Amino acid sequence: MFSKPFSLGVMLSSLVLSLLATNFIFISIIQKDYPFLSLRRMAYTLPVMVLAWLLSYVVIRSLPKARSVVGERNFRILALICAITSVLIILVTSRSGRQYFNTLFYPVNDIHITALEQKNAKSDGQALEISLFDNQFGYTSFSQFQVTGDWTRTDADSYHLESQDRPASIAWQGRTGLYAVIEFSTGPACGMAGVSVNGQEPEDFDLYAPTAGKEVIYLKFDPVLVERVTSIASQFAVLFIILLVSGVLLNRLLVAIGRKHRRRLRALAAVLLQPAGRLTDYKGYWLLYALPMVLVWGAGLLALSPGLLSPDSMTHFQQAWQGGYDDWHSVLYILLIAGLTLVVRSPAVVAVCQVLAFAVIIAWGLRFLDRLGVPFWVPWLVSILMATALPNILTVNTIWKDVPYALSVFGLTIIFLRIVQTNGAWLEVEHNWVSMGVVAIAIVLFRQNGLFVPLVSYGVLVLLYPHRWRRLLASLALTVLSLAIFMGPVYRLLDVNNTARYKVNEITLHHLAAHYAAGTPISDQERAFLYQMLPPSEWSNYNCATVNNLFFNPQFDRAYMKDHTSQATQLLMRLFVAAPGVDLRHMLCASELVWRVDARSYLVESAFDLDTGKWVVDNSLGIQQDSHLPRLAAFLEAWLRYLDQRENSMIYNLTWRPAYYLYAALFCWGILAVRRQDYRFFLALTPLLAHAITLIFVNFGQEFRYQYPAFILGIYGLGLLLVKTDKGDSGDVLHAADDA
């Protein structure tokens, strides 16, 4: 093993890898609690580092042999899969309340607590008691404090100072991480305390209270980038090496088994890996893929009849049945509701149409998996997963404009995939570019933020297939012309109220509140303007996860903000220029729905209200819930309650957090691009990515339905993992026509 000539590159590479691996082992196993960085624990770590260096050296020296065993191309694919899987594992297992840290990278902070001479006039004394001191790294003992004055150690968990003991102070110095917590006792005989951090001007706290209690003070500190990068790099290095070595060993095991049972394995592979076969010769065969979805979702609708309806749903029906359209709610969706309920005045009709449309369009997408050469059972497996996924059972049966919007984004993504698969030939079929235009129209008309999705998709397609520009231009022209007619003469004919431009004030309000909470300097005139919209006490209720507590606050003057929209926008622009970091941090937090798998904010999962056990909100339209399968309804409710009680657990997050499915889609489309050796297959995910990026900028609520396209495309992407590696019918215009 060590007979090969010495290589400085291998030695240095193994050293870096061993340091990262040792760091991971140290912060996750050896460094458990205070005191950190003790000599004893560092001594334990030294042999671990030597062993990790030796193993890393062996692994790196063995890589050339591993390439020859697995094959050069397969080894590259294996390495890519291991790298992506490592990142996904880190994302999945990451938690905002991390327990282990590279404490060495955090600065030492000096926290000084002083008993002040002054007191509240209502207080009977000046007693000061510190009942708890803690930080992000865990328990902090009071024995670490430097005490000045006659403090009394009442027990192991508190320091007490009587009124006559002045001046007096307590100081602590050490690594706190991102925060420290100080808990004071409050009561009728308590005085005041000053808390200073790192020599800054102290902040005073009045601890008087009519009755005994506690006051908790949170001190926040800036994150340390190098610590986070080092921790993630350490986790990645360990996971990557483990997965890579395991993959190579598994490959050798499978090769050994294959040699011994070659004939049997070939027979099994012939059955499991064969494509759909003769079934695909029958026109309309792909509609069979819709059966599992129609049956399961149909049963869900019978159980939750006449469908799930939230306040937004009732607004749709109120406008559809009583008139008074506005362009914030999708006018197209409301017209569809009005048309579908002309004969049978029930939301169930709309829900039935949504179930059928979803099942058929997804089955149409599964048809393309056949064209990509997946084994015959893969489309059926994906169909069953789609059918039985709890979010699908509930969301497809909910009367929301987000439902047909998600289906439209799915349809445009499949069209994009088919264009790439046929190298653009799909567009040459006359009615195909019309279909693409119709889907683009639906995306724009179903949601206010939908415009960006087809716009980016058309732009990327023009770059990928410039020789197809005529068809793409014709499809885009159809989209633009149809939108102009619908949003022009049709809107005027229906007397649609133009409220969407004022609803954007919700986003503006959210950003203004972020700047107010962050303390961005504003003039007295600007402050007076803000207080005209909302009283000073209410601006402090800023929550980056939602704007509802501000926009729907009874004290919020919507009319005033509507009349001064331009002034509010100008103020926001000035604040953005003055402190862009506030807006960036706000958008990152507000868009946790998109990218964070362990989001810290609440999530609105569905229209099923677990507090009341109702799936139809109280309304004045006479719509009542009427389950035809009450046992199934009870089962679904119990399932929802089970998940709700385990919020932020793995099973909850895998069910409801859309970020998992966005990353799953990225992973699956990436594997498809590698297997087909064509990056354009990854770009077929452009419609979903355009939607997700748009949501990052405009999101002001954490609702699953906003990222529903990611959920269904994440499940669909699983079928792409088993496509054939050859390019198949990528240039077959006949197949392009058949798939229209």
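Here is what the cut-offs are and how they apply
Residues numbered from 1 in each chain as written. Predicted model: local features only at pLDDT ≥ 70, side-chain atom pairs only at ≥ 80, totals over all residues. Heavy atoms only, no water. Helix = DSSP H or I, 4+ residues; strand = E, 2+ residues; numbered from the N terminus. Contact = heavy atoms within 4.5 Å. Areas by Shrake-Rupley, 256 points an atom, 1.4 Å probe, with all protein chains shown as cover. Core = buried A, V, L, I, M, F, W, Y, C linked by side-chain atoms within 4.5 Å. Buried < 20%, exposed > 50% of the residue type's maximum accessible area, 1.4 Å probe, protein only. pLDDT = per-residue confidence, 0-100. Pairing = 2+ DSSP bridges. Salt bridge = Lys/Arg side-chain N within 4 Å of Asp/Glu carboxyl O. Patch = residues over 30% accessible without salt bridge, like charges linked within 9 Å, V, L, I, M, F, W, Y side chains within 5 Å. Lys, Arg positive; Asp, Glu negative; His and termini not counted. Charge placed at Lys NZ, Arg CZ, Asp CG, Glu CD. Axes fitted to C-alpha atoms, helices over the stretch in contact; angles between N-to-C directions.

Undergrad: Outline the overall build of the chain, listing residues and values.
TA: Looking only at helices and strands, the chain has 31 helices and 11 strands in total. A fraction of 78% describes how many contacts in the chain between residues 6 or more apart in sequence connect residues 24 or more apart. Surface accessibility of the chain: about 35000 Å² in total, with carbon and sulfur atoms responsible for 63%.

Undergrad: Now, about the nonpolar core: what can you tell me, with residues and values included?
TA: Counting 128 residues, the largest nonpolar core has Trp297, Trp669 and Tyr716 as the members making the most contacts within it. For this core, the element with the most residues is helix α12 (residues 402-421), which contributes 13 residues. Not counting the four nearest positions on each side in its chain, Tyr716 is found in contact with Gly365, Leu366, Phe368, Leu369, Val382, Met386, Phe410, Ile414, Leu417 and Trp669. The next biggest cluster of nonpolar side chains, apart from the first, holds 24 residues, and it includes Trp151, Ala168, Cys190 and Phe221.

Undergrad: Would you mind going over the confidence of the model for the chain in detail, with residue names and values included?
TA: When pLDDT is averaged across the chain, the result is 83; 87% of the residues are at 70 or more. In this model residues 728-734 is a low-confidence stretch, pLDDT under 50, and it forms 14 contacts with partners more than four residues away in sequence or in other chains.

Undergrad: Requested: an account of the pairing of strand β9 (residues 192-197), with residues and values cited.
TA: Across the 6 residues that make up β9, a large majority, 6, are buried. Burial along β9 is two-sided: Met192, Gly194 and Ser196 facing one way and Ala193, Val195 and Val197 facing the other are all buried. Pairing between strand β1 (residues 108-115) and β9: 5 bridges, direction antiparallel. Bridging across to β9, Ile113 finds its partner in Val195. With 4 bridges connecting them, β9 and strand β10 (residues 203-206) associate as antiparallel partners. Pairing of Val195 across the sheet is with Glu203, part of β10. A loop of 5 residues connects β9 with β10, the two strands running antiparallel in sequence, and Asn198 in this loop sits at a positive phi of about 55°.

Undergrad: Please provide a residue-by-residue account of the pattern of salt bridges, values included.
TA: Inspection of the entire model under this criterion finds 11 salt bridges. Between Arg705 and Asp312 there is a salt bridge, and its shortest N-O distance comes to 2.9 Å. On the criterion of sequence distance, the pair formed by Arg705 in the loop between α29 (686-698) and α30 (708-717) and Asp312 in helix α7 (residues 311-322) is long-range, its members being 393 residues apart. Taking the relative accessible area as the measure of exposure, Asp312 reaches 30% and is therefore partly exposed. Between Arg680 and Asp678 there is a salt bridge whose closest N-O contact spans 3.0 Å. Overlapping salt bridges bring together Asp312, Asp402, Arg447, Glu703 and Arg705 as one network.

Undergrad: Please give an account of a negative patch on the surface that cites residues and values.
TA: Together, Asp609, Asp611, Asp644 and Glu647 make up a negatively charged patch on the protein surface. Relative to the helices and strands, Asp644 is located in helix α25 (residues 630-644). Look at Asp644 and you get partly exposed, because its relative accessible area is 38%.

Undergrad: Requested: an account of the sheet that holds β10, with residues and values cited.
TA: With antiparallel pairing, 5 strands are arranged side by side in an open sheet as β4-β7-β1-β9-β10. Edge strands, defined here as strands with exactly one partner in the open sheet, are β4 (146-148) and β10. Across this sheet, the average inter-strand angle for adjacent strands is 20°, counted without regard to direction.

Undergrad: Please give an account of the pairing of strand β7 (residues 168-175) that cites residues and values.
TA: Where burial is concerned, most of β7 is hidden: 6 out of the 8 residues are buried. Taken together, the 8 bridges between β1 and β7 define a ladder with antiparallel strand orientation. Paired with His112 across the bridge in β7 is Ala171. Alignment of β4 against β7, held across 3 bridges, turns out to be antiparallel. When the bridges of β7 are listed, Gln146 appears paired with Ala171.

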